[in-house]
Amino acid sequence: HSNREMWFQDFFPPNMCPINAKANTFYGIMFDAGSTGTRIHIYTFVQKSPENLPEVEGEIFESVKPGLSAYADQPEKGAETVKALLDMAIDAVPPHLWKKTPVVLKATAGLRLLSEEKAQALLSEVKEVFEESPFLVPEDSVGIMDGSHEGILAWITVNFLTGQLSGQNQQTVGILDLGGASTQITFLPRFEETLKETPEDFLTSFEMFNSTYKLYTHSYLGFGLKAARLATLGALNMEVVDGQMFRSSCLPKQLEAEWHFGGVKYQYGGNKEGETGFKPCYLEVLKVVKGKLHQPDEIRRSSFYAFSYYYDRAADINLIDFERGGVLEVRNFERKAKEVCDNMERYNSASPFLCMDLTYITALLKEGFGFRDNTILKVRKTIDKESKQHRDKLDFGCYLLPAAVSGHDLLTCDTAMDFSISENAEKVNCNSPGTLFSWDWSQSRTWTKDT
Ligand SMILES: O=c1[nH]cnc2c1ncn2[C@@H]1O[C@H](COP(=O)(O)OP(=O)(O)O)[C@@H](O)[C@H]1O
Ligand SMILES: [Ca+2]
């Protein structure tokens, strides 16, 4: 294990400092290359006076589908999708600041699932697009983010925005992120027991705001919602033969269709003659998750924030409010899964995968992670309501780019503009070049258990 991780530097290129106080507006461009889509965040920062820290003034966001991994065999075409988004930044950033505006792309599970060669080919085409642009291309500006960092950054974002990282009485919350290709679980263990029972590579410790956090975090590759569909169909990591049909009891009986994921075409359909419905579907999905995930005992008694596809699916079937999200128990997913799977004809206007997706989410939560039926999940697309009441306690602005990297919309303009970088963020100091947006995580390391 490397015990002095400096990975945060990738997200906080040193050259983001304005050169002088007059040039008080500056920009940063961040790409989140997810398995299902590529998203650009163009941030505007304003430094109102030299002694003040920069504030976030705005964000431009745009996204394209599919993600880079869909271009596994056409890396140049993949890079073109990035170029199209980057062209927006040409319009958004004033020409005299192009050279000082860093551009960074971090890819997540879609690229992790590809062969090293194919992933590298995509990344190097993207790097070329960056080099040909007028923007600043820091070293390591294009790469694949480590799964554990993905979980940690999401945890910091949520706990920062909900006001749990400042002041006394910190009651942090755990997070569940269900992407297309991987899923992350991250929480701060409260019991010594948990640390003892957990494999070492699931634990990371780091310093932040003069506190040491020892987090439990893990990213399960291949357990994102889209990857799980393939696994359920028995098609994940298969050499697909043309004309091969993958069938499942989780799909409408008469269905036959095709689907592209990670650059591969899959033909799939329902069990024409055989069974369909929740029971057989659950058994199928169970094979994908049972015994595959570490089950920390203490999560059974904690509540978690859940987003990405947890949110999307819950919102699709009106379990939660589309705008505000909602609070659910694990059993709510199960109930809806039963209703949808046992009445597929009634839901045939929705996605043909609705039954499979809800059943997978149920199985992942219960049999995968080991949550109880009554474990509380706060399901959200963005975090803003809670944060408002903590507004004056929020005094740290560095969350911005890491949150962008984590790929959640937790800090679009509405949210981001509620926060400004102020007093307490001493380490965010633009007067000494190279320190902006970096803070001392040099203590960050894989947790080593006392023996
Ligand atoms: O910027 C964002 N804001 C909100 N949700 C996002 C954002 N980016 C991705 N998501 C959510 O993440 C899920 C897709 O996961 P993604 O494509 O990032 O796969 P991955 O994390 O496995 O690479 C969807 O539920 C999508 O709505
Ligand atoms: Ca993601």
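These figures come from a predicted structure and were not determined experimentally.

1. Brief notes about helix α7 (residues 225-233)
Because an α-helix completes one turn every 3.6 residues, residues spaced three or four positions apart along the sequence face the same direction. Most of α7 sits out of view: 8 of its 9 residues are buried. Along α7, the residues classified as buried are Leu225, Lys226, Ala227, Ala228, Arg229, Leu230, Thr232 and Leu233. Just downstream of α7 lies glycine 234, where phi reads positive at about 75°.

2. Points about the sheet that holds strand β10 (residues 245-248)
The strand order β10-β12-β11 describes an open sheet built from 3 strands, whose pairing is mixed. Both edges of this open sheet fall to β10 and β11 (256-261), since each of them pairs with a single strand only. Ignoring which end each strand starts from, the neighbouring axes of this sheet average 35° apart. The pairing of β11 with strand β12 (residues 264-270) spans 6 bridges and is antiparallel. What sits directly across from glutamate 258, in β12, is glutamine 267. Here α7 sits on the sheet in contact with β10, β11 and β12, set at roughly 130° to β11.

3. Observations concerning the UniProt feature "active site" (unreviewed entry) in the protein chain
What UniProt calls "active site" (unreviewed entry) maps, in this numbering, to Glu150. Following the sequence through the fold, glutamate 150 ends up in helix α5 (residues 147-161). The buried category is assigned to glutamate 150, whose relative accessible area is 6%.

4. Quick look at the nonpolar core
Ranked by internal contacts, the top residues of the largest apolar core, which has 63 residues, are Leu176, Ile185, Tyr360, Leu365 and Phe369. No other element matches the 10 residues that helix α11 (residues 354-369) contributes to this core. Those residues within four positions of phenylalanine 369 in sequence are excluded, and the remaining contacts are Leu176, Thr183, Ile185, Tyr220, Leu293, Gln295, Pro296, Ile299, Tyr310 and Leu364. Counting residues in hydrophobic clusters, the runner-up holds 29 residues, among them Phe31, Leu68, Ala107 and Leu111.

5. Here's the deal with unusual backbone geometry
The amide bond that connects lysine 65 to the next residue, proline 66, takes the cis arrangement and shows omega of -5°. Along the chain, proline 66 turns up in the loop between β3 (55-64) and α2 (75-92). The phi dihedral of aspartate 140 is positive, around 60°, even though this residue is not glycine. Here serine 308, not a glycine, exhibits a phi torsion of approximately 50°, which is positive. On the secondary structure map, serine 308 appears in strand β13 (residues 304-308).

6. With respect to the domain arrangement of the protein chain
Under the domain assignment used here, the protein chain contains domain 1 (8-146 + 385-446) and domain 2 (225-379). Counting residues at the interface gives 8 residues for domain 1 and 8 residues for domain 2. When domain 1 packs against domain 2, close to 670 Å² is buried across both sides, 64% of that on carbon and sulfur atoms. For the interface between domain 1 and domain 2, the tally reads 0 salt bridges.

7. Overview of the UniProt feature "binding site: ATP" (unreviewed entry) in the protein chain
On the UniProt side, "binding site: ATP" (unreviewed entry) is annotated at positions that read Gly180, Ala181, Ser182, Thr183 and Gln184 here. Relative to the elements of secondary structure, glycine 180 occurs in the loop between β6 (174-178) and β7 (182-187). Filtering out sequence-adjacent residues up to four positions away, glycine 180 remains in contact with Ser35, Thr36, Gly224, Leu225, Lys226, Ala227, Phe261 and Tyr309. Residue placement: serine 182 occurs in strand β7. The exposure class of serine 182 is buried, given its relative accessible area of 2%. Apart from the residues lying within four places of it in its own chain, the contact partners of serine 182 are Ala109, Arg112, Glu150, Asp177, Ser219, Tyr220, Leu221, Gly222, Phe223 and Gly224.

8. Focus: the packing of α2 against helix α4 (residues 116-132)
Where α2 meets α4, the closest approach of the two axes is 8 Å, and the angle between their N-to-C directions is 40°. Handedness of the crossing formed by α2 with α4: right-handed. On the side of α2, the interface is formed by Pro75, Glu76, Gly78, Ala79, Val82, Lys83 and Leu86, while α4 contributes Ala121, Leu122, Glu125, Val126, Val129 and Phe130. Grouping the constituent residues of the contact of α2 with α4 by class yields 9 nonpolar, 1 polar and 3 charged.

9. Here's the deal with the pairing of strand β1 (residues 25-33)
Buried residues dominate β1, accounting for 8 of its 9 residues. The hairpin formed by β1 and strand β2 (residues 38-46) contains 4 residues between the paired strands. By the bridge criterion, 5 bridges tie β1 to strand β4 (residues 103-107) in an arrangement that is parallel. Following the sheet pairing, phenylalanine 31 is matched in β4 by leucine 105.

10. Let's talk about a negative patch on the surface
Together, Glu76, Glu80, Glu128, Glu131 and Glu132 give the surface a local cluster of negative charge. Only α2 and α4 provide two or more residues apiece to the negative patch. At 3 residues, α4 tops the list of elements feeding residues into the negative patch. Structurally, glutamate 128 is set in helix α4.

11. Thoughts on α11
With 16 residues, α11 should cover 22 Å at 1.5 Å per step; its first-to-last C-alpha distance of 21 Å lies within 8% of that length. With 14 of 16 residues buried, α11 is to be regarded as a mostly interior element.

Cut-offs used in this document
- Residues numbered from 1 in each chain as written.
- Chains lettered and ligands numbered in written order.
- Predicted model: local features only at pLDDT ≥ 70, side-chain atom pairs only at ≥ 80, totals over all residues.
- Heavy atoms only, no water.
- Buried < 20%, exposed > 50% of the residue type's maximum accessible area, 1.4 Å probe, protein only.
- Helix = DSSP H or I, 4+ residues; strand = E, 2+ residues; numbered from the N terminus.
- Pairing = 2+ DSSP bridges.
- Axes fitted to C-alpha atoms, helices over the stretch in contact; angles between N-to-C directions.
- Contact = heavy atoms within 4.5 Å.
- UniProt positions renumbered as here; feature names shortened; annotations may be inferred.
- Core = buried A, V, L, I, M, F, W, Y, C linked by side-chain atoms within 4.5 Å.
- Domains from an automatic or database assignment.
- Buried area = accessible area lost by both parts, 1.4 Å probe.
- Salt bridge = Lys/Arg side-chain N within 4 Å of Asp/Glu carboxyl O.
- Left-handed = near helix turned anticlockwise from the far one by under 90°.
- Nonpolar A, V, L, I, M, F, W, Y, C, P; charged D, E, K, R; others polar.
- Patch = residues over 30% accessible without salt bridge, like charges linked within 9 Å, V, L, I, M, F, W, Y side chains within 5 Å.
- Areas by Shrake-Rupley, 256 points an atom, 1.4 Å probe, with all protein chains shown as cover.
- Lys, Arg positive; Asp, Glu negative; His and termini not counted.
- Charge placed at Lys NZ, Arg CZ, Asp CG, Glu CD.
- Expected span 1.5 Å × (residues − 1).

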